[in-house]
Amino acid sequence: MPFYVVLGNHDHKGSVQAQVDYSQRLAGGCLRGTTPRGEVLADGTRGWGFSCSTPRSCSPGRRRARPSAWLAEALAQSEADWKVACGHHPIYSSKLTREGYRTHLGPFLEDTLVEGGVDLYLAGHDHVLELSQDLRGVRHVISGAGAGWDKAVEIEWGERSDYAATGGGFCVLRFTARDVTLEFVRLDGATQFASTLERAGR
């Protein structure tokens, strides 16, 4: 099973190139932050994952960077059944901070995802679990609770969330050509919440 990795804020504090070089020693060389990846599932479903680097340069108080041209172009050219973008930082989060619900990443990335027809945006960073409602045609998933109870932060289950939790866990996604099922699994191995989303017509 291949693992596809996106760099986070702690990675950018070190040597990004060292991690890319190490990745090439692994089967498939999985760490390539600017390349869309296509997978065909057993039932013929075509899925594309677009990995987006969300470095510190787009944090509050810094110059607002813009997404690379490759991302908008790749999304426009893709005819995949599902378009899934992945980045370390969330665009929307109900984590209780002074930033509010929409994070600093929104101006940097959101319009590109919406215009490119992205179905799901997957993120981590915030040590919580969350599934947003439909926001401009994109569903936002945060699965950043793998560190467990001792690294958990508070989250508010607001009107824009279909699910929000803290205290550890992860999200499992199962795709078919017609729908995707998301399961939020807690530390005891039990699924606390599941939702099936139908693919938007394209």
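Just so it is clear, the model here is predicted, and its values are computed rather than measured.

J.: Could you clarify how one ought to interpret the overall build of the protein in this entry?
T.: Looking only at helices and strands, one finds four helices and ten strands in the protein. Helices and strands appear in the protein in the N-to-C order α-α-β-β-α-β-α-β-β-β-β-β-β-β. In the protein, which comprises 202 residues, the proportion classed as buried is 41%. Considering only contacts within the protein whose residues lie at least 6 apart along the sequence, 57% involve residues at least 24 apart. Accessible surface, the protein as shown: approximately 10900 Å² in total, 51% of it carbon and sulfur.

J.: I would appreciate a short explanation of the pairing of strand β8 (residues 170-175) in the present structure.
T.: As a general feature of sheets, a regular strand has side chains that alternate between the two faces. Relative to strand β9 (residues 179-185), β8 is paired through six bridges, and the arrangement is antiparallel. Among the inter-strand pairings, Arg174 is bridged to a residue of β9, identified as Thr181. As consecutive antiparallel partners, β8 and β9 are separated by three residues.

J.: Explain the packing of aromatic side chains to me, please; I cannot follow it from the model alone.
T.: Aromatic rings in a pair are described by how distant their centres are and how their planes are angled relative to each other. Evaluation of the coordinates by the stated rule reveals five aromatic pairs. Both rings, one in Trp157 and one in Tyr163, keep their centres 5.7 Å apart while their planes meet at 75°; by these two values the pair is edge-to-face. Taken together, the ring pairs in this structure connect Trp157, Tyr163, Phe184 and Phe193 into an aromatic cluster.

Thresholds, definitions, all that
Residues numbered from 1 in each chain as written. Predicted model: local features only at pLDDT ≥ 70, side-chain atom pairs only at ≥ 80, totals over all residues. Heavy atoms only, no water. Helix = DSSP H or I, 4+ residues; strand = E, 2+ residues; numbered from the N terminus. Buried < 20%, exposed > 50% of the residue type's maximum accessible area, 1.4 Å probe, protein only. Contact = heavy atoms within 4.5 Å. Areas by Shrake-Rupley, 256 points an atom, 1.4 Å probe, with all protein chains shown as cover. Pairing = 2+ DSSP bridges. Phe/Tyr/Trp six-rings, centres within 6.5 Å; stacked < 30°, edge-to-face > 60°.

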